[in-house]
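Structural overview for review
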There are 2 protein chains.
Amino acid sequence: MTSWTLVSGLYKHFPVEIFYTRRHVISLFHPNYASICSSFCFLQFNCSSPARKMAMKLAATSAIRSFASSSGISGSSAFARCLHASAGSKKIVGVFYKANEYAAKNPNFLGCAEGALGIREWLESQGHQYIVTDDKEGPNCELEKHIPDLHVLISTPFHPAYVTEERIKRAKNLQLLLTAGVGSDHIDLKAAAAAGLTVAEVTGSNVVSVAEDELMRILILVRNFLPGYHQVITGEWNVAGIAYRAYDLEGKTVGTVGAGRIGRLLLQRLKPFNCNLLYHDRLKMDPELENQTGAKFEEDLDAMLPKCDIVVINTPLTEQTRGLFNKDKIAKMKKGVLIVNNARGAIMDTQAVVDACSSGQIGGYSGDVWYPQPAPKDHPWRYMPNQAMTPHISGTTIDAQLRYAAGVKDMLDRYFKGEEFPLQNYIVKEGKIASQYL
Amino acid sequence: MTSWTLVSGLYKHFPVEIFYTRRHVISLFHPNYASICSSFCFLQFNCSSPARKMAMKLAATSAIRSFASSSGISGSSAFARCLHASAGSKKIVGVFYKANEYAAKNPNFLGCAEGALGIREWLESQGHQYIVTDDKEGPNCELEKHIPDLHVLISTPFHPAYVTEERIKRAKNLQLLLTAGVGSDHIDLKAAAAAGLTVAEVTGSNVVSVAEDELMRILILVRNFLPGYHQVITGEWNVAGIAYRAYDLEGKTVGTVGAGRIGRLLLQRLKPFNCNLLYHDRLKMDPELENQTGAKFEEDLDAMLPKCDIVVINTPLTEQTRGLFNKDKIAKMKKGVLIVNNARGAIMDTQAVVDACSSGQIGGYSGDVWYPQPAPKDHPWRYMPNQAMTPHISGTTIDAQLRYAAGVKDMLDRYFKGEEFPLQNYIVKEGKIASQYL
């Protein structure tokens, strides 16, 4: 089963190559310039653990650096390029939601299993194998069949292939994990980093989509839309039953927990609504953006929450944010607070949200993220009062699909050519996890 | 049944008074200044038709003007003040939606029949009679009982008391029709003008409320929210069934038919969404506002419609706009156009909308206005595909209620004192209908 990988790339203007498997680095050499080749060291490892594999790659780095140094070349900017660059036929697996009868309804519907990001012809014309499935759970699922020999796994947050440490261990050929979209918490990032894998998303591909959707949900809750819609379809007409808790957004206090790319786009879109805008983040925004949105920095989350009529969650799911909004945190909020969460379901304590919606502590809860996904039929958020939930959809509009399909294709192209990805796309690079996931 | 009305007010600094009934003007005189009084003419009319009644008031105007002129006072700005000013106990009837069990749920719920705009104590302490009901239809309804002797009728667009020519004829004491909110098309304005009635709304009281709601509806349609919500409550999970026709708002072309107060607020709120914004109106906006929103003027509605992904109706219901969006007009739009209409239901041809939603010519229709209101159980808009309708709610948020309740109180106060209303509030004044209703 062992297959050799030829990693080739440019170190500055010097072409370099490394032959390796997941267990062994055989040689680092420069095939065309004998005089330079002589300065290479030859390495051999037998590394079965993720830590050892990482050590192997770091040693390879060191070898290339020593080569570069002895050749009078400084810097190491092209090293990662060398490590993830890879020639030869690859096995690429994509896990996307199945569209069935909807697949043919829109020629731009690229994000489903049938659309397969629109890259099948391109991949196969270059001799790569491209397996696409939506069957991702359990020991007999389609994904499991390909774990032992896939090189690249593409998935989405909307129908995530959960990449556990155990799966990483069994994926001997795995080099690259791509998220078509934004949000890679379906991957055990620590395990991926330890195994020396590269994890990347199409950063920015659907941030506008998600921010727009958040503003929609804020309005749906503030204005009490759904009870009105229910009246319509059930033949009723009772304006009072809606109006007694319908408000304008104008003048209300909206706080975002997290003001990264999505949070900032939301604040910009909220600006003309004349709200009081607050944000909590690790860092203050630059003053220009703060002035542009008029949002005020709240260093202390617990100090911000009681001020908010509406709280929007815009933070990634990390060890720090998992279950952050538990009973205690929700109790710190205003009675009747409205919560919008398009970030990740697991940031909330599921039962605490149900209880607070039932008691009225939460006046409305809307979001498109659940844990797990797909949400089971008996997920309690489906049936709690004052919810305005959907399946995970906000980042997979047709526009977003076109952008993240293009972004995935671009990264695969760079991967085949041994080129760097756009820097902001990396979630795990050279054993390091991106700061927002720490 | 005839009751005399004493209309008193200031003509510039000169107090003047007119005694009149709906049929007779007895005298115009100045009680305190004998020397000035002598210059008054004494009038008597027996005018049974609305046109004659109007003629009576115009003659009174003329008399006051001739008095003013002979006294060396120029201008007539205070004349209307004199005509609608009215001392003595008044019978005021308010028609609002009933809240029943919801009435007690919010202390600011002033817009319902139980809340009665929060002016009962104030009115009764001044000796006025204040009848409030939601029972407004049919020959035996509560409203009908008071038509013969009410002086002031207050109603709302959310639960409109339809004021027909026939009702105006029978309302012998009626002087003032107030709309708590914006939109007075439930009143036969021509008949009201001919009868010399004053019609006024609380202009601006809920324009923000409606504009916000329109943006919510745009997003609900563009992003295909409701199918996702339905999946949640029915235990399903099918992202593809939503995503295949979910889009970003960014980059789409949004055209508003009408760019008055609400249309402009909508354009301002749309600005950060990076859409192509178009507007059709009788007049171009001032260049500053056009620059601020980036919206382009479209003089020809039929030229604008085919460009729009989303059409928002923001025009009042008038003779010109009734049924404007019929089969032909809808056929001019893009296939799959999304329509938002919080203006008035009767601007649309009901069946044409149903047919176009069924055929896919309209991709989504959302609004809160119907004809008639309340919409009957069998109104076809309740059951057509891709609708996101609610009962008439957008302008009756709690915030809007507080504003229009205050606005009605202010106008009643001015009416009792014989003072002018804010000019922008007048819909019918001195026999003239405001330009937006022509």
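Now for a look at the structure at hand. Not measured: the values here are computed from a predicted model. (Residues numbered from 1 in each chain as written. Chains lettered and ligands numbered in written order. Predicted model: local features only at pLDDT ≥ 70, side-chain atom pairs only at ≥ 80, totals over all residues. Heavy atoms only, no water.)

1. Side note on the overall build of chain A
Basically, it comes down to this: Strands are runs of DSSP state E lasting at least 2 residues, helices are runs of H or I lasting at least 4, and numbering of each runs from the N terminus. For each residue, the accessible area found with a 1.4 Å probe, counting protein chains only, is set against the maximum for its type, and the residue is called buried under 20%, exposed over 50%, and partly exposed in between. Here the accessible surface of atoms and residues is derived via Shrake-Rupley with a 1.4 Å probe, and residues count as covered only by protein chains that are part of the display.
A count of helical and extended segments in chain A gives 16 helices and 16 strands. By residue count, 60% of the 438 residues in chain A fall in the buried class. Carbon and sulfur atoms make up 52% of the accessible area of chain A, which amounts to about 16,500 Å² in all.

2. Here we look at the interface of chain A and chain B
Note the threshold: Contacts are assigned to residue pairs that have any heavy atoms within 4.5 Å of one another. Throughout, the accessible surface (probe 1.4 Å) given up by two parts as they are put together, summed over both, is called the buried area. Any Lys or Arg side-chain nitrogen found within 4 Å of a carboxyl oxygen on Asp or Glu counts as a salt bridge. Think of a polar contact as two N or O atoms within 3.5 Å of one another; within protein, one of them needs to be a possible hydrogen donor and the other a possible acceptor, and neighboring residues in sequence only count if both atoms come from side chains.
Taken together, the contact between chain A and chain B spans 69 residues of the former and 69 residues of the latter. Between chain A and chain B, a total of about 6,100 Å² is buried, with carbon and sulfur atoms accounting for 65% of that surface. As a salt-bridge pair, D248 of chain B and R403 of chain A come within 2.7 Å of each other at their nearest N and O atoms. One can count 42 residue pairs in polar contact (both at pLDDT 80 or more) joining chain A with chain B.

3. So, the sheet that holds strand β14 (residues 362–367) of chain A
Residue and element names in this part refer to chain A. For clarity, the cut-off: The rule for pairing is simple: two strands pair if DSSP sees at least two bridges between them. Helix axes use the C-alpha atoms of the stretch in contact, all axes being lines fitted to C-alpha atoms, and the angles between their N-to-C directions lie in the range 0 to 180 degrees.
Taking strand neighbours across the sheet as the criterion, the six strands line up as β11-β10-β9-β12-β13-β14 in an open arrangement whose pairing is parallel. One side of each edge strand has no neighbouring strand; the edge strands of this open sheet are β11 (296–297) and β14. Strand direction decides the pairing type here: strand β9 (residues 253–257) and strand β12 (residues 310–313), joined by four bridges, are parallel. Among the inter-strand pairings, V254 is bridged to a residue of β12, identified as I310. Sitting on the sheet, helix α11 (residues 261–270) touches β9, β10 (276–280) and β12, and the angle it makes with β10 is about 175°.

4. Digging into helix α16 (residues 398–417) of chain A
All names here are of chain A. Quick reminder of the rule: Under the convention used throughout, the expected extent of a helix is 1.5 Å for every residue step, that is, one less than its residue count.
For α16, built from 20 residues, the straight-helix expectation of 28 Å at 1.5 Å per residue is met to within 8% by its first-to-last C-alpha distance of 29 Å. The set of residues buried in α16 consists of I398, D399, A400, Q401, Y404, A405, G407, V408, M411, L412, Y415 and F416. Following α16 by one or two positions, G418 has its phi on the positive side, about 75°.

5. Concerning unusual backbone geometry
In this model, Y371 of chain A is joined to P372 of chain A through a cis peptide bond whose omega is -5°. Even without glycine at this site, A116 of chain A takes up a positive phi of about 50°. By the secondary structure assignment, A116 of chain A is in the loop between β4 (91–95) and α4 (120–125). Relative accessible area serves as the criterion here: at 4%, A116 of chain A is assigned to the buried category. Residues other than glycine seldom take positive phi values, yet E430 of chain B does so here, at roughly 50°.

6. What to know about the sheet that holds β4 of chain A
In a beta sheet, neighbouring strands are held together by backbone hydrogen bonds and run either parallel or antiparallel to one another. All names here are of chain A. If you walk across this open sheet you meet the seven strands as β5-β4-β6-β7-β8-β15-β16, and the pairing is mixed. In the strand order of this sheet, the two ends are held by β5 (129–133) and β16 (432–433), each with one partner. Here strand β8 (residues 198–201) pairs with strand β15 (residues 426–429) via two bridges, running antiparallel. Counterpart to V199 in the pairing with β15 is V428.

7. Details of the side chain of K252 of chain A
Along the chain, the position of K252 of chain A falls in the loop between α10 (239–243) and β9. With relative accessibility at 14%, the residue K252 of chain A sits in the buried group. Within the structure, the side chain of K252 of chain A is placed 2.8 Å from the backbone oxygen of D248 of chain A, a separation counted as a polar contact. There is a polar contact of 3.0 Å between the side chain of K252 of chain A and the side chain of D399 of chain B. Every residue in contact with K252 of chain A, bar those within four places of it in the chain, is listed here: Y247, C275, N276, D309 and I310 of chain A together with D399 of chain B.

8. So, helix α8 (residues 207–222) of chain A
All names here are of chain A. Along its 16 residues, α8 runs 23 Å from first to last C-alpha, staying within 8% of the 22 Å computed at 1.5 Å per residue. In terms of burial, α8 is largely enclosed, as 16 of its 16 residues are buried. Once α8 finishes, N224 follows within two positions and takes phi at roughly 60°, a positive value.

9. Considering the packing of aromatic side chains
Applied cut-off: Two rings from Phe, Tyr or Trp (for Trp, the six-membered ring) form a pair when their centres sit within 6.5 Å of each other. Planes less than 30 degrees apart are called stacked, planes more than 60 degrees apart edge-to-face, and all others tilted. Placement of a charge over a ring requires the Lys NZ or Arg CZ to be within 6 Å of the ring centre, with the centre-to-atom vector within 35 degrees of the ring normal.
By the definition in use, this model includes 24 aromatic pairs over all chains. A ring pair is formed by W370 of chain A and W237 of chain B, whose centres lie 6.1 Å apart and whose planes are at 80°; its orientation type is edge-to-face. With one member in each of two chains, W370 of chain A in the loop between β14 and α16 and W237 of chain B in the loop between α9 (225–233) and α10 (239–243) form a pair that bridges those chains. For the pair shown, W370 of chain A and W237 of chain B are each scored as buried. With 5.3 Å between their ring centres and 45° between their planes, Y279 of chain B and F297 of chain B make a pair best called tilted. Of this pair, Y279 of chain B sits in strand β10 (residues 276–280) while F297 of chain B is found in strand β11 (residues 296–297), placing the two residues 18 residues apart along the sequence. Every member of this aromatic cluster is reached through a ring pair, and the members are W237 of chain A together with Y365, W370 and W381 of chain B. Seen from the ring of F273 of chain B, R269 of chain A lies directly overhead, with NZ or CZ sitting 5.5 Å from the centre. Over the ring of W370 of chain A we find R382 of chain A; its NZ or CZ atom is 5.8 Å from the centre of that ring.

10. Concerning the relation of the copies chain A and chain B
Stated formally: The least-squares superposition of copies is restricted to C-alpha atoms, and to residues with a pLDDT of at least 70 in both copies.
When chain A is fitted to chain B, the best match, at an RMSD of 0.0 Å, comes from turning it 180° and sliding it 0.0 Å along the axis. Both chain copies can therefore be described as sitting about a two-fold axis. Taking C-alpha positions as the reference, the residue of chain A nearest the rotation axis is M216 of chain A, at 2.8 Å. Counting the interface residues of chain A, we find that 100% of their copies in chain B are interface residues as well, pointing to one common contact surface.

11. Here we look at the packing of helix α9 (residues 225–233) of chain A against α9 of chain B
Quick reminder of the rule: Reported orientations rely on four angle classes, namely roughly parallel under 35 degrees, roughly antiparallel over 145, roughly perpendicular from 65 to 115, and oblique for the rest. Gly is placed with the polar residues, together with every amino acid not listed as nonpolar (Ala, Val, Leu, Ile, Met, Phe, Trp, Tyr, Cys and Pro) or charged (Asp, Glu, Lys and Arg).
For the pair α9 of chain A and α9 of chain B, interaxial distance at closest approach is 13 Å and the crossing angle is 80°. By the angle between their axes, α9 of chain A is roughly perpendicular relative to α9 of chain B. Of the residues in α9 of chain B, those touching α9 of chain A at F225, L226, Y229, H230 and I233 of chain A are F225, L226, Y229, H230 and I233 of chain B. Considering only residue class, the contact of α9 of chain A with α9 of chain B consists of eight nonpolar, two polar and no charged.

12. Details of the environment of D413 of chain B
Turning to its location among the elements, D413 of chain B is positioned in helix α16 (residues 398–417). Note: C-alpha distance between D413 of chain B and E166 of chain B (247 residues apart in sequence) is 28 Å.

13. A word on the environment of L197 of chain B
Residue and element names in this part refer to chain B. Here L197 is to be found in the loop between α7 (189–194) and β8 (198–201). By relative accessible area, L197 is classed as buried at 2%. Each C-alpha atom, one on L197 and one on K329, is 36 Å from the other, the two residues being 132 residues apart in sequence.

14. A closer look at the pattern of salt bridges
By the definition in use, this model includes 44 salt bridges over all chains. The closest approach of N and O atoms between R269 of chain B and E250 of chain A, which form a salt bridge, is 3.5 Å. Note that R269 of chain B is positioned in helix α11 (residues 261–270) and E250 of chain A in the loop between α10 and β9, a pairing that runs across two chains. The class for R269 of chain B is buried, based on a relative accessible area of 1%.

15. Structural notes on the environment of T293 of chain A
Residues and elements named next belong to chain A. Summarising the element assignment, T293 is placed in helix α12 (residues 287–293). By relative accessible area, which is 3% here, T293 ends up buried. Those residues in contact with T293 that lie beyond four places of it in its chain are L267, Q268, K271 and L277. One polar contact links the side chain of T293 to the main-chain amide nitrogen of A295, over a distance of 3.2 Å.

16. Topic: the pairing of strand β13 (residues 337–341) of chain B
Residues and elements named next belong to chain B. Where burial is concerned, most of β13 is hidden: five out of the five residues are buried. Residues V337, I339 and N341 line one face of β13 and the alternating positions L338 and V340 line the opposite face, and both faces are buried. Across four bridges, the pairing between strand β12 (residues 310–313) and β13 is parallel. Bridge pairing in β13 places V311 opposite I339. By the bridge criterion, five bridges tie β13 to strand β14 (residues 362–367) in an arrangement that is parallel.

17. What about the side chain of N224 of chain A?
Residue and element names in this part refer to chain A. Among the structural elements, N224 can be located in the loop between α8 and α9. By relative accessible area, which is 6% here, N224 ends up buried. Ignoring anything within four residues of it in the chain, the contact list for N224 reads L219, G241, I242, R245 and A246.

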